Amino acid sequence: MLQLLDISVTFNEGTLDEKKALNNINLELAEGEFVTVIGGNGAGKSTLMNVISGVLTPDIGDVYINKRQVTFLPEYKRAAYIGRVFQDPMAGTAPSMTIEENLAMAYARNKKRKLKLGVTKKRKELFKEYLATLNLGLEDRLNAKVGLLSGGERQALSLLMATFTEPDILLLDEHTAALDPSRAELVTKLTEEIVRKFELTTLMVTHNMQQALDLGDRLFMMDAGEIIFDVEGTEKQHLTINDLLEEFRKRRGVQFEDDRSVLG
Amino acid sequence: MFISVFGAIESGIIYAIMALGVYFSFRVLDFPDLTVDGSFVTGAAVAAIGMLNGVPAILATLLGALAGFIAGCITGILHTKGKINPLLSGILMMIALYSINLRIMGTPNISLRNVSTVWVQLQSLWEKTGIDQALNGLLAAIGFARTPSTWAIVFAMIIVVAIIKILVDYYLKTEVGLALRATGDNKQMIRSFSANTDTLIIIGIGLSNGLVALSGALIAQYSGFADIGAGIGLIIIGLASVIIGEALFGTKTIARTTLAVISGAIIYRIVVVIALRANFLETGDMRLITAVLVIIALVTPMYIQGRREKARRLKKREALAQQKKAEGV
Ligand SMILES: Nc1ncnc2c1ncn2[C@@H]1O[C@H](COP(=O)(O)OP(=O)(O)OP(=O)(O)O)[C@@H](O)[C@H]1O
Ligand SMILES: [Mg+2]
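Below is a summary of the structure that appears in this document. All residue numbers refer to positions counted from 1 along the written sequence of the respective chain. Labels follow written order: the first chain is A, the first ligand is 1, and so on. Note on the predicted model: pLDDT of at least 70 is required for a residue's local features to be given, and 80 or more for side-chain atom pairs to be given and counted; whole-chain, interface and lining totals, by contrast, use all residues.

**Description of the overall build of chain B**
Which entries qualify depends on this criterion: The way it works is that DSSP assigns letters per residue, a run of H or I at least four long becomes a helix, a run of E at least two long becomes a strand, and they are numbered from the N terminus. Exposure in this text rests on C-beta crowding, where 20 or more other C-beta atoms within 10 Å of a residue's own make it buried, 12 or fewer make it exposed, and counts in between make it partly exposed. The C-beta atoms are placed from the backbone. In this description, a residue-residue contact is defined by the distance between C-beta atoms placed from the backbone, which must lie within 7 Å.
Within chain B, the regular secondary structure consists of 13 helices and two strands. Principal axes of the C-alpha set define a box for chain B whose edges measure 90 × 60 × 40 Å. Within the span of chain B, comprising 329 residues, buried residues form 45% of the whole. A separation of at least 24 residues holds for 78% of the contacts in chain B among residues at least 6 apart in sequence.

**What about the interface of chain B and chain A?**
Short version of the rule: In this classification, the charged set is Asp, Glu, Lys and Arg, the nonpolar set is Ala, Val, Leu, Ile, Met, Phe, Trp, Tyr, Cys and Pro, and all remaining amino acids, among them Gly, are polar.
Each side of the interface is counted separately: chain B has 19 residues, and chain A has 25 residues. Of all elements in the fold, only helix 8 (175-185) and helix 9 (187-192) of chain B reach the threshold of two or more residues within the side of chain B that touches chain A. Across the side of chain B that touches chain A, the residue classes break down as eight nonpolar, six polar and five charged.

**Re the nonpolar core**
For soluble globular proteins, nonpolar side chains are generally found buried alongside one another. Under the convention used in this document: We define a nonpolar core as a collection of buried residues of the types Ala, Val, Leu, Ile, Met, Phe, Trp, Tyr and Cys that are connected via C-beta atoms lying within 7 Å of each other.
Core analysis: the largest hydrophobic core is formed by 162 residues, its most contacted members being Ala16(B), Ala19(B), Leu20(B), Ala44(B) and Ala48(B). Not counting residues up to four positions away in its chain, the partners in contact with Ala19(B) are Gly238(B), Ser241(B), Val242(B), Val261(B), Ile262(B), Gly264(B) and Ala265(B).

**A closer look at the sheet that holds strand 1 (residues 2-11) of chain A**
Residues and elements named next belong to chain A. This is how it is decided: Strand pairing follows a simple DSSP-based rule, namely that at least 2 bridges must link the two strands. Interaxial angles span 0 to 180 degrees and are taken between N-to-C directions of axes, which are lines fitted to C-alpha atoms, for helices over the stretch in contact.
A sheet is described by the order of its strands in space; here four strands give the open sequence 2-1-4-5, paired in antiparallel fashion. With one partner strand each, in any of the chains shown, strand 2 (19-29) and strand 5 (68-69) form the two edges of the open sheet. Here two bridges tie strand 4 (residues 60-65) to strand 5, and the two strands are oriented antiparallel to one another. Paired with Tyr 64 across the bridge in strand 5 is Gln 69. Along the sheet, helix 1 (residues 45-53) makes contact with strand 1, strand 2 and strand 4, crossing strand 2 at roughly 60°.

**So, the site of ligand 1**
Residue and element names in this part refer to chain A. To keep things clear, this is the line we draw: Note on definitions: a residue is near a molecule or strand provided its C-beta atom, placed from the backbone, lies within 6 Å of it.
Every residue near ligand 1 is listed here: Phe 11, Asn 12, Lys 19, Ala 21, Gly 39, Asn 41, Gly 42, Ala 43, Gly 44, Lys 45, Ser 46 and Thr 47. Secondary structure elements with two or more residues in the shell around ligand 1: strand 2 and helix 1. Across the shell around ligand 1, the residue classes break down as three nonpolar, seven polar and two charged.

**A few points about helix 1 (residues 2-28) of chain B**
All names here are of chain B. Stated formally: What is called the bend at a residue is the angle between a pair of axes, fitted to the seven residues leading up to and ending at it and to the seven starting from it.
Within helix 1, the axis deviates most sharply at Ile 14, by approximately 30°. Within helix 1, 19 of the 27 residues are buried, which leaves the element mostly enclosed by the surrounding structure. Where helix 1 ends, the next residue or the one after it, Asp 30, has phi of about 55°, a positive value.

**Re the packing of helix 2 (residues 36-52) of chain B against helix 4 (residues 86-105) of chain B**
All names here are of chain B. To be explicit about the condition: Roughly parallel refers to an angle under 35 degrees, roughly antiparallel to one over 145, roughly perpendicular to one between 65 and 115, and oblique to any angle outside these ranges. Definitions for this section: a left-handed crossing has its near helix turned counterclockwise from the far helix by less than a right angle. A right-handed crossing has that turn clockwise.
At a minimum axis distance of 8 Å, the contact between helix 2 and helix 4 shows a crossing angle of 15°. What the angle tells us is that helix 2 and helix 4 run roughly parallel. Here helix 2 runs over helix 4; the crossing is left-handed. Touching Asp 37, Gly 38, Ser 39, Val 41, Thr 42, Ala 45, Val 46, Ala 48 and Ile 49 of helix 2 are Met 93, Met 94, Leu 97, Tyr 98, Asn 101, Ile 104 and Met 105, all from helix 4. When the residues that make up the contact of helix 2 with helix 4 are grouped by side-chain class, the tally is eleven nonpolar, four polar and one charged.

**Let's talk about the sheet that holds strand 3 (residues 34-39) of chain A**
Residue and element names in this part refer to chain A. Judged by pairing direction, the sheet is mixed, and its six strands sit side by side in the order 6-7-8-3-9-10 without closing on themselves. The open sheet has two edge strands with one neighbour each: strand 6 (82-85) and strand 10 (226-232). The mean angle between the axes of side-by-side strands here comes to 15°, regardless of whether they run parallel or antiparallel. Pairing of strand 3 with strand 8 (residues 201-205), which is carried by four bridges, proceeds in the parallel orientation. Across the sheet, the residue bridging to Val 35 is Leu 203, located in strand 8. Contacts from helix 1 reach strand 3, strand 6, strand 7 (169-173), strand 8 and strand 9 (218-223), with the element oriented near 150° to strand 7. Relative to the sheet, helix 9 (residues 241-252) contacts strand 9 and strand 10, its axis offset from that of strand 9 by approximately 45°.

**Some points on the environment of Arg256(B)**
Residues and elements named next belong to chain B. On the secondary structure map, Arg 256 appears in helix 12 (residues 254-277). For Arg 256, a count of 15 C-beta atoms within 10 Å translates into the label partly exposed. When the C-alpha atoms of Arg 256 and Ser 116 are compared, they prove to be 36 Å apart, with 140 residues separating the residues in sequence. When sequence neighbours within four positions are dropped, the list of residues in contact with Arg 256 reads Phe 249, Gly 250 and Thr 251.

**Digging into the environment of Ala265(B)**
Residues and elements named next belong to chain B. Tracing the sequence through the fold places Ala 265 in helix 12. Judged by the 30 C-beta atoms lying within 10 Å of it, Ala 265 falls in the buried class. When the C-alpha positions of Ala 265 and Ala 65 are compared, they lie 19 Å apart, and in sequence the two are 200 residues distant. In this view, Ala 265 contacts Gly 12, Tyr 15, Ala 16, Ala 19 and Ser 241; residues no more than four positions away in its chain are not counted.

Pasting the structure below:
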């Protein structure tokens, strides 16, 4: 479904600030595979997401979605196949527009936008059905401006908007990091339900190692622009946080420096 | 007095189209576009030259609007493809248009006195209806000494502006319109839902300036001349209309906001006309009056809100004090 070949990204090449953010990344995700991604600050996780979504063009290497080469396809065109939820709850929705209008925009993702009404009676019913699955009562607030929702509600809505058109690939970049623990748990639960229901090919970045172990079929550990550990199946199921730290030490010869990533 | 207020309403409705254009760029797209000063005259210039060369008035007017649309698209391209900041893109286009308008017109001022404008044509049709006599008779009966020379413009413009308003309201609710609004609200988001924000901005600023130019073409025919300086400071008048309208009528829904903007444009004209009747003010003071109006419309709602909050808190404090006293603490 998703394939990356020899991807490298360097920022500010040839200057003092030169930074190799991705170093020769190769990966292949099968259809419906759910991968969690961990790694310290600056490991290159967001850069990886940006290369896949087309926000960044890699220096070298190619991106394939569904066997189709999309390396140079602009972000907005690629977005027809890719659902994304950002870390910032403000980023994934249009605050001055209503819930139903936001959903209508997400609904038009993989279609050509026309001069037809975005919110129709029929679509309203559909939106209500989808919103009801969130169990947040948003189905009764179709005409509320999204800017009035709490961060957790907005993030749940963003998740729904990113997924209900069943994109080929779902990218989640620390999408629960800005929420309080109970809200984060709710959005995590919703994520798992939705990913399983639509069988979405998913990459989910998290700083919560326990979460990375509990969720998904496969796990990547990133450091210094490389995927240093790739584990799946039963091997992943039996993994513990200590195993992860041990793997990191073995491969890098140092402790996992980022305290934050050990928490949780 | 009545006649000048009537005139203010008449021109106010025509300027309302320009105000809708400014609403489109400033509010919907969140793009402070100064092209307006130039595109207003472009509309007037193209329409005037067209009519002088025998193009039917309505067609010439629409060509004026088209010219404005193209000018706006270029501003949009400067910003999106040239990565020039929105304010600067607009200013550059405004400056360029000054020369272009002069080229189109050939001279700084074109008289339309002996031209068959849309209003002249409308008037000849309108006279057959006899509505003027009926309405003016009515006015005379209730004691007005002077009555308007024609009601045709007011009636025709109400219909035209209503149609434009309905089209704008509808457009902003279509799939394309929603994406356009989201472009002004959260670009990152709408791009992640597969919308080409560059194209949307270019079309949006184009449409905005198309409306402005249409207004310019109609105003030139209304006042009987096209003038190279007619657009100077116009953006502030457009903004004044938007801000006054929003402050008075609110922005709850799109339909309400566009109605507010149209009303704002008319109210602005009326206020200016009334202000200019004060003896110590001259025609040249109009820009100053406009600036003061905008400041009042911006500051007053905030001030009132602040007063309300203060009163509310004071009341709460007093209630608490009373209660404590009653408990004898
Ligand atoms: N636009 C940019 N210009 C220059 N350097 C950048 C840019 N974006 C990222 N970097 C650098 O590239 C490296 C990888 O950044 P990236 O954002 O991918 O890390 P991350 O793994 O997402 O980290 P975090 O956990 O903090 O989000 C970092 O050192 C960062 O400073
Ligand atoms: Mg990151």
